[in-house]
Structure formats: C-alpha cells, structure tokens
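Descriptive analysis of the structure
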Amino acid sequence: MPKLPKLPAPPLPAALQEPPPRPGESNGKGGPIEDAKAAGINVVDWVDERTSLSGAGRWLMFRKVPKGTNWFYTLGSATMFAFLSQAVTGVFLAMYYRPDPAGGAYESIRHVTNEVFLGQFVRGMHKWGSSVMVILVFLHMGRTFLFGAYKYPRELNWVIGVVLLILTMVMSFTGYLLPFDQRAYWATIVGVNINGTGPLIGPYLSDFLRAGPEFGATTLSRFYAIHMLLLPGAIVALIGAHLYLVAKLGTTAPPWMKAEQNPELRKVDV
Ligand code: HEM
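One structure accompanies this document, and this report is about it. The structure displayed is predicted, hence computed values, not measured ones.

1. A few points about the overall build of the protein
For the protein, the count of helices and strands is twelve helices and zero strands. Scaling as 2.2 N^0.38, a compact globule of 270 residues should have a C-alpha radius of gyration of about 18 Å, whereas the protein reaches 29 Å, well beyond that. With respect to the three principal axes, the spread of C-alpha positions in the protein is 120 × 65 × 30 Å. A burial count over the protein gives 29% of its 270 residues as buried.

2. Remarks on the coordination of the iron atom of the ligand
In this structure, His140 (NE2) and His242 (NE2) serve as the protein donors to the iron atom of the ligand, at separations of 2.0 to 2.1 Å. Around the iron atom of the ligand sit six donor atoms; with metal-centred angles ranging over 86 to 179°, the donor geometry is octahedral. Of this pair, His140 sits in helix α6 (residues 119-146) while His242 sits in helix α10 (residues 217-249), and the two are 102 residues apart along the sequence. Here His140 matches His242 in class, with each residue buried.

3. With respect to the side chain of Thr174
Tracing the backbone shows Thr174 in helix α7 (residues 155-177). Those residues in contact with Thr174 that lie beyond four places of it in its chain are Phe223, Ile226, His227 and Leu231.

4. A look at unusual backbone geometry
The peptide bond linking Tyr152 to Pro153 adopts the cis configuration, its omega dihedral lying at 0°. Along the chain, Pro153 turns up in the loop between α6 and α7. Even without being glycine, Leu118 reaches a positive phi, approximately 60°. If you trace the backbone, Leu118 turns up in the loop between α5 (104-114) and α6.

5. A look at the site of the ligand
Every one of the 26 residues lining the ligand counts as a neighbour, but His140, Arg143, Gly161, His242 and Thr252 are closest to it. Here Tyr73 contributes a backbone N or O atom positioned 2.9 Å from an oxygen atom of the ligand. Note that an oxygen atom of the ligand is positioned 2.9 Å from one of the side-chain N or O atoms of Thr252. Elements with a contribution of two residues or more to the shell around the ligand: α4 (75-94), α6, α7 and α10. Of the residues contributing to the shell around the ligand, the split by class is 13 nonpolar, eleven polar and two charged.

6. Thoughts on a nonpolar patch on the surface
A contiguous nonpolar patch, built from Trp59, Leu60, Met61, Phe62 and Tyr244 and spanning about 610 Å² of accessible area, is present on the exposed surface. In terms of residue count, helix α3 (residues 53-61) provides more of the nonpolar patch than any other element does, three residues in total. Structurally, Tyr244 can be placed in helix α10. By relative accessible area, which is 43% here, Tyr244 ends up partly exposed.

7. A short note on the nonpolar core
Among the nonpolar cores identified, the biggest contains 14 residues, and Phe83, Leu164, Leu231, Ile235 and Ile239 are the most heavily contacted of them. Broken down by secondary-structure element, the contributors of at least two residues to this core are α4, α6, α7 and α10. Broken down by element, the residue count for this core peaks at five residues, all from α10. If we skip the residues at most four places from it in the chain, Phe83 touches Met133, Pro232, Ile235, Val236 and Ile239. Within the second largest apolar cluster, 13 residues are counted, among which are Ala105, Ile189, Leu209 and Tyr224.

8. Some words on the packing of α7 against helix α8 (residues 182-196)
One can describe the packing of α7 onto α8 by two numbers: an axis separation of 8 Å at closest approach and a directional angle of 140°. Judged on the interaxial angle alone, α8 and α7 are oblique. Each of Phe173, Tyr176 and Leu177 in α7 lies in contact with α8, whose residues at this interface are Arg183, Ala184, Tyr185, Ala187, Thr188, Gly191, Val192 and Asn195. A breakdown of the residues in the contact of α7 with α8 according to their chemical character gives seven nonpolar, three polar and one charged.

9. Some points on the packing of α5 against α6
Helix packing geometry: the angle between the two helix axes and the distance between the axes. Two numbers describe how α5 lies on α6: the axes approach to 5 Å, and their chain directions differ by 115°. As summarised for this structure, α5 and α6 are arranged roughly perpendicular, according to the angle between their axes. Contacts between α5 and α6 involve Ile109, Val112 and Thr113 from the first element and Gly119, Gln120 and Arg123 from the second. Class assignment of the residues belonging to the contact of α5 with α6 gives a composition of two nonpolar, three polar and one charged.

10. Looking at α10
In this model α10 runs 46 Å from its N-terminal to its C-terminal C-alpha over 33 residues, within 8% of the 48 Å that 1.5 Å per residue would give. At Ile226, α10 shows its strongest bend, of approximately 40°. Backbone geometry just after α10 places Gly250 at a positive phi near 75°.

Conventions used here
Residues numbered from 1 in each chain as written. Predicted model: local features only at pLDDT ≥ 70, side-chain atom pairs only at ≥ 80, totals over all residues. Heavy atoms only, no water. Helix = DSSP H or I, 4+ residues; strand = E, 2+ residues; numbered from the N terminus. Rg over C-alpha atoms; globule rule 2.2 N^0.38 Å. Buried < 20%, exposed > 50% of the residue type's maximum accessible area, 1.4 Å probe, protein only. Donors = N, O, S within 2.8 Å, 3.2 Å for Na, K, Ca; no water. Tetrahedral: all angles 85-135°; square planar, octahedral: opposite > 155°, others 65-115°. Contact = heavy atoms within 4.5 Å. Near = heavy atom within 4 Å. Polar contact = N/O pair within 3.5 Å; in protein donor to acceptor, adjacent residues only side chain to side chain. Nonpolar A, V, L, I, M, F, W, Y, C, P; charged D, E, K, R; others polar. Patch = residues over 30% accessible without salt bridge, like charges linked within 9 Å, V, L, I, M, F, W, Y side chains within 5 Å. Areas by Shrake-Rupley, 256 points an atom, 1.4 Å probe, with all protein chains shown as cover. Salt bridge = Lys/Arg side-chain N within 4 Å of Asp/Glu carboxyl O. Core = buried A, V, L, I, M, F, W, Y, C linked by side-chain atoms within 4.5 Å. Axes fitted to C-alpha atoms, helices over the stretch in contact; angles between N-to-C directions. Parallel < 35°, antiparallel > 145°, perpendicular 65-115°, else oblique. Expected span 1.5 Å × (residues − 1). Bend = angle between axes of the 7 residues up to and from the residue.

Structure representation (structure tokens):
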C-alpha cells in the first residue's frame, strides 16, 4: 500500500497559539494601554509583596454600609476635603508669607494678592475655604448628633470629633491675625481678651496667646507657628484616629431604618 503523505496539523485557534499573559505581565501585543496596565499591576504587586499593605487597604475601603445611607453621610468626607484644600493652598501661601509685624506681613500678603501669578485665587480659596470647613464641620456634627451616631460604641469618636471641632475653630482664629491689618489686629485683641475671661485657665490662655505684655512680633510668630505647624499636625493625627474608628465600627444606620429593623423600637410611645 502506497504511503500516504503526512497531512500538516490544522492551525490552532488564535487564542490557543500563545498562552495569554499572566496578570501583571504583558506579551507586548496589547498596545501601550495594556502595557501601562501591566506595569501598574507590577508596581502594586512589588510594593504589596514587601509591605502587605493591600490587606489594610481592603479593610479600609471595602466595608458594608447600612441600608438607608444617604447624602448626609458625605459631610465628614466633605469636611476632610475642605481641610486638604486648606493644607494645599496654605503651603503655597507659606511660600510668600513673612510673619513680620513691622509691615512685612501685610506687605507679603499684598504681594501675593496683587503680583503673584494666581496668588489672589489661591488666597481666596484659603480664605473662603476656612469658612466652608467651619460650616461643614458643624453640619457633620449635626448629622452625627441627629442620627444618634454618638452613642455606644462611638462615644470616643464623638469626643475626638469635639477636639477636631475646637481645633478647626482655633485654626480660623489664629489664621485671622496673619494679614496683620487693622481688622485682624483689633479682632484678635478682642478674641484674646474674651479667652482671658474664661474660668481657671482663661488668664493663662490669653497670656500664652499674646506671647508677651503687648501684641507684637512674638504674638504674630506664635500665631503663625500654631496655625501652620501645631494645629495641622494635630488635626491630621486626629482625623487618622477618627477614620480608623469609622472603619472599625462602621457607620450608624439612620434612625428610621433602625426602627424598621427592630420592631420593638416602633412600640415606644413618643
Ligand atoms: C476635621 C473634622 C472632621 C472630619 C474630617 C471628620 C470626618 C468624618 C468622616 C469621613 C466620617 C465617616 C462618615 C460620615 O461622614 O458620617 C465621620 C464620622 C463620624 N464623625 Fe466626624 N469628622 C470631623 C469632625 C467631627 C465632629 C466635630 C464630630 C462630633 C463632635 C464628629 C463625630 C463623628 C462621629 C460620631 C462619626 C461616626 C458616624 C456614624 O457612625 O454614623 N466628627 N467623620
């Protein structure tokens, strides 16, 4: 019997010809976007292998939220973004500001406002942003109060919140003096005198803030150090603790959802 010629093997389907690239690897055929994705995954894997941070990231980001969560729950994050905006714009202002009461402070702010590129815009963001942050922090506190989120087991987060509220107010107070114009000067004298009327620590507090017998160079540099070093550091640390507790304990369901989940609550005669 004549020997039949050997038939060539049929070509494999395209998908099987070459094994697909493993996650984080590129076969160079996907184009620049695929390559960029693969490079990104590689970097994340590299960092994660050395730090195991992805577990912490998952713990922080992927949480169950109670039914009924609504827009009022965004007020805390809105406050945080207002703070971040203050931090970023504040860094740019600090590049030009001079805490010199003999005209230097006022002149440096006049220079930022009138001569620096986008200076008036950045200064405006910082100035109006401070009011936005104060309003947001009060609205957020109102939300947590009205939704009963201060109750067990979140009392400590409420207390941290109260300290954050006080620090936010002190931030506004210390910032107000920095332009060192007539309004800033006299308003701060009034504020420091009001502090002095407080019980027990009042007089010590006003002495500490004035930083000397008269309002002057030491007052301004003390306010500046408190405003741009001490308070931002304390606020960052406390926001960290606040968010850790939010991630650990979760958020509270709105009161009307709680009543729905627990029929006993509906029986209460109000
Ligand atoms: C710089 C100021 C603050 C920032 C950045 C901040 C941020 C946040 C964020 C992001 C949350 C999670 C969700 C939400 O918005 O409800 C939260 C929750 C909470 N915050 Fe604040 N907060 C601040 C000030 C305050 C103040 C002044 C209080 C009260 C005195 C407070 C008490 C609470 C409580 C009790 C929760 C838990 C809410 C729940 O379980 O539903 N926070 N905060």
